[in-house]
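Residue strings, one per chain:
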Amino acid sequence: MSVEPLLKVNGLTKMYGARIGCADVSFDLWPGEVLAIVGESGSGKTTLLSCLSTRLEATSGSVEYHMRDGAYRELSRLTEAERRFLMRTDWGFVHQNPADGLRMTVSAGANVGERLMAIGHRRYGEIREAASDWLSRVEISPTRIDDQPRAFSGGMRQRLQIARNLITGPRLVFMDEPTGGLDVSVQARLLDLVRGLVHDLGLSAIVVTHDLAVARLLSHRMMVMKDGHVIEQGLTDRVLDDPREPYTQLLVSSILQV
Amino acid sequence: MSGLATYNFAYLDEQTKRMIRRAILKAIAIPGYQVPFASREMPMPYGWGTGGVQVTAAILGPSDVLKVIDQGADDTTNAVSIRAFFQKVANVEVTTRTKEATIIQTRHRIPEEKLTEGQVLVYQVPIPEPLRFLEPRETETRKMHALSEYGLMHVKLYEDIARNGHIATTYAYPVKVEGRYVMDPSPTPKFDNPKMHMSEALQLFGAGREKRIYALPPFTDVVSLDFDDHPFTVQSFEKPCALCGAEGVYLDEVVLDDRGGRMFVCSDTDYCEDRRAQGFLGDQGVPLKEAAE
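Residues numbered from 1 in each chain as written. Chains lettered and ligands numbered in written order. Predicted model: local features only at pLDDT ≥ 70, side-chain atom pairs only at ≥ 80, totals over all residues. Heavy atoms only, no water.

### Some remarks on the overall build of chain A
Helix and strand counts for chain A come out as ten helices and ten strands. A compact globule built from 258 residues should have a C-alpha radius of gyration of about 18 Å, and chain A, at 18 Å, falls within 12% of that. Over its C-alpha atoms, taken along the principal directions, chain A stretches across nearly 55 × 50 × 45 Å. Taking all 258 residues of chain A together, the buried fraction comes to 53%. Relative to all contacts within chain A whose residues are 6 or more apart in sequence, the contacts with residues 24 or more apart total 68%. (Helix = DSSP H or I, 4+ residues; strand = E, 2+ residues; numbered from the N terminus. Rg over C-alpha atoms; globule rule 2.2 N^0.38 Å. Buried < 20%, exposed > 50% of the residue type's maximum accessible area, 1.4 Å probe, protein only. Contact = heavy atoms within 4.5 Å.)

### Side note on the packing of aromatic side chains
Summed over all chains, the structure comprises 15 aromatic pairs over all chains. Taking 5.2 Å as the distance between ring centres and 40° as the angle between the ring planes, the aromatic pair formed by Tyr124(A) and Tyr158(B) counts as tilted. Taken as a pair, Tyr124(A) in helix H5 (residues 124-137) and Tyr158(B) in helix H5 (residues 151-164) lie in two separate chains rather than in one. Take Tyr124(A): its relative accessible area is 9%, and that puts it in the buried class. Taking 4.8 Å as the distance between ring centres and 65° as the angle between the ring planes, the aromatic pair formed by Tyr173(B) and Phe232(B) counts as edge-to-face. Note that Tyr173(B) is positioned in the loop between H5 and strand E6 (175-177) and Phe232(B) in the loop between strand E10 (222-224) and strand E11 (251-255), a separation of 59 residues in sequence. Members of the aromatic cluster, connected to one another through ring pairs, are Tyr65(A), Trp91(A), Phe93(A) and Phe174(A). (Phe/Tyr/Trp six-rings, centres within 6.5 Å; stacked < 30°, edge-to-face > 60°.)

### What to know about the pairing of E11(B)
Residue and element names in this part refer to chain B. Alignment of E11 against strand E12 (residues 262-266), held across five bridges, turns out to be antiparallel. Within E12, the position partnered with Val254 by the bridge is Met263. Connecting E11 to the next strand, E12, in antiparallel fashion are six residues, including Gly260 with a positive phi near 90°. (Pairing = 2+ DSSP bridges.)

### Things to note about the sheet that holds strand E3 (residues 93-94) of chain B
Residue and element names in this part refer to chain B. Strand order in the open sheet formed by seven strands is E1-E9-E8-E5-E4-E2-E3, with mixed pairing between adjacent strands. Of all strands in the sheet, those with a lone pairing partner are strand E1 (35-36) and E3, marking the two edges. Sheet topology places E1 next to strand E9 (residues 212-216); two bridges connect them, and they run antiparallel. Paired with Val35 across the strands is Ile213, a residue of E9. Its contacts with the sheet place helix H2 (residues 50-59) against strand E2 (65-70), strand E4 (103-107), strand E5 (120-124), strand E8 (202-207) and E9, and it is angled at close to 150° to E5. (Axes fitted to C-alpha atoms, helices over the stretch in contact; angles between N-to-C directions.)

### Some thoughts on the sheet that holds E10(B)
All names here are of chain B. The three strands are arranged E7-E6-E10 in an open sheet whose pairing can be described as antiparallel. Taken across any chain shown, the strands that pair with only one partner, and hence form the sheet edges, are strand E7 (181-183) and E10. The mean inter-strand angle of the sheet, taken between neighbouring strand axes irrespective of direction, is 35°. Bridge count between E6 and E10: three bridges; the pairing is antiparallel.

### Topic: unusual backbone geometry
In this structure, Glu139(A) is a non-glycine residue whose phi angle is positive, near 65°. Within the fold, Glu139(A) resides in the loop between H5 and helix H6 (154-166). One non-glycine residue with positive phi stands out, namely Ala10(B), at about 65°. Structurally, Ala10(B) can be placed in the segment before helix H1 (14-29). Residue Ala10(B) is classed as buried on the basis of its relative accessible area of 0%.

### As for the domain arrangement of chain B
All names here are of chain B. The domain architecture assigned to chain B consists of domain 1 (14-224) and domain 2 (236-285). One C-alpha centre belongs to domain 1, the other to domain 2, and the line joining them spans 26 Å. The partner domain 2 presents ten residues to the 16 residues of domain 1 that form the contact. Across the domain 1/domain 2 interface, buried area totals approximately 1000 Å², and carbon plus sulfur atoms make up 44% of it. (Domains from an automatic or database assignment. Buried area = accessible area lost by both parts, 1.4 Å probe.)

### Points about H1(B)
All names here are of chain B. For H1, with 16 residues, the first-to-last C-alpha span of 22 Å sits near the 22 Å given by 1.5 Å per residue. In this fold, the buried residues of H1 make contact with E1, H2, E8 and E9. Two or three places before Gln15, at the opening of H1, Asp13 has a side-chain oxygen 3.2 Å from that residue's backbone nitrogen. (Expected span 1.5 Å × (residues − 1). Polar contact = N/O pair within 3.5 Å; in protein donor to acceptor, adjacent residues only side chain to side chain.)

Below is the structure:
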C-alpha cells in the first residue's frame with residue numbers, strides 16, 4: 001500500500017517587510033497524522049498556520065495539497081473559488097477564540113448546519129438531524145440546538161466550533177490554540193474529545209499551541225519554532241523526553257510541575 | 001422666461017441621466033447584479049425613494065404616462081408627492097390606472113393587474129444587499145456574490161424555521177435570478193414574488209442612499225429561495241376584499257374604531273376601484289356612484 005502525504009510544504013517563508021514571520025519551513029503531513037507546532041509567543045507559529053491554511057500569502061515557498069481526486073495542487077495557485085470551497089468542505093479551522101469561528105447571532109443548529117447548506121443541502125429535516133447528531137458527538141445536549149452560542153460556556157463554544165468544522169467530513173483540520181482560555185478540567189475533556197474524533201475519523205490536524213502538555217496529548221509529531229525558524233522536529237515523545245536543542249530543553253524544563 | 005434658470009426636463013441634468021442609463025443598461029445585461037452608480041442629492045430625504053426617482057427621471061420621456069404607488073395606493077403621501085414632482089419638473093401625463101401607465105414607480109408593491117410588454121416598473125429600494133444583515137462587510141458580500149456563495153441565505157431561512165416552525169420572512173423575501181445572483185426584491189410582500197418571475201415588463205430597482213441599481217429584464221427566471229421540505233408559499237387571506245370582493249389579492253388591514261372593528265381591503269387601490277366600477281361589491285362595499293355622491 002502506498003500512502004502519499006496529504007500536505008507537502010517546501011521552503012515556506014513569510015516576511016513582514018524586513019522582519020521574519022517564518023522562514024524556510026519544510027515538512028510533509030501524512031493522512032491521519034497530528035502535527036503540533038510549539039514555541040513561545042512571537043515565534044511564528046500562527047504566521048505559519050495562516051500561510052498553510054491560505055489565510056496569508058507566503059513570500060516564497062510552496063504548499064501542495066493532495067486533493068480528493070488524487071492530484072497535488074499548489075495552494076497559492078488555486079482560484080479564490082476553489083480555495084474557499086476547499087476551506088468549507090475538505091478543511092476545518094478551529095480558532096482560539098470561538099467568537100471568530102462561530103456566528104454568534106444564529107442558533108447552534110444553524111452554526112453546525114451552515115457548511116451543509118453552503119454545499120447545497122436543501123432539506124431542512126436532514127440538516128437539522130445532522131446538526132443534532134454532531135452536537136451530541138461533541139457532548140452538547142441536542143435540546144440546546146436552538147440556543148445561540150452566546151448562551152454557551154467557553155468550553156461548549158469551543159466544542160460547537162469543532163462540530164461546525166467537522167460536519168462536512170474534512171480531511172485536514174487546523175487548530176490555533178484550541179484550549180487557550182479554558183480552565184484545566186474543561187481543557188482535559190476537550191482534549192479527550194478531539195483525540196477521540198481524530199482517531200475515529202482518521203483526520204489529519206495541525207495544532208498550534210504554546211502548551212507542551214496539549215501537544216503531548218494530541219500530536220504524533222512536533223515542530224519547535226523560535227524566531228520564525230523550525231529549530232527541532234521529531235516524534236512528540238522523542239522531542240519532549242530527549243530535547244536536543246538548548247531552546248527546546250529550556251521549553252521542556254519550563255513546564256510547571258504540580 | 002428663457003433667460004431664467006430653470007430645471008432640466010425631469011429635474012436631473014443630461015450628464016447625470018446618461019450616467020444612470022449606463023448603470024441601468026449594465027444592470028439589465030447582468031440580471032440581479034447590483035451596479036454601483038453616482039447617486040445624486042435629490043430634493044427629498046433618503047428613504048423617501050431617491051433611488052427610484054433617479055431611475056424614473058433617467059428613463060422618463062415626454063410621451064410617457066407615469067403612475068406612482070406607495071404600498072399599492074395612489075393616494076398616500078409618498079405617491080402623491082413624487083407624482084406631483086414629475087408633473088412639475090417633466091410635465092408628463094400622470095395616471096392612477098395601471099393599464100394606461102408606461103412607467104410605474106412603486107414603493108413596496110407590485111400592482112395586481114398583470115403588467116405587459118413595454119411597461120417599466122421602478123422600485124424604490126432601501127437596502128439592496130440581501131446578505132447585509134447576515135454579513136456586515138461589503139467587501140465580503142461582494143465576494144460572496146462574485147463566487148455565488150449563498151449558503152448563508154439558507155442559514156437565515158433555517159433560523160426562521162427553527163424559531164417559528166415555518167419560514168417567517170414575509171417581505172424582502174430573497175430570490176435567485178436566472179440561477180445566478182441572489183437579489184433582494186425590495187420590501188415587497190412575498191405575495192408579490194411570483195409576479196416577478198417571467199414578467200413581461202422591465203423591472204428596475206434603484207437604491208439612492210446605498211447607490212445601487214439592479215434590474216430584471218422581461219422574461220427573467222426569478223425563484224424564491226426555500227427548503228425542499230419547507231417550500232415557498234405566499235400569504236393567503238381568509239376573507240375577500242371588503243370593498244370589491246376580490247380574492248387572491250394582497251389585502252391591507254384597516255382599523256375602523258377603537259372597539260376592535262377592522263376590515264381587510266385591497267392594498268392596490270386602482271385594482272379595487274376598477275373592480276367596483278365593474279360592479280363587483282364586497283360585504284362592506286358601496287357602489288362607486290353612491291360613494292361619489
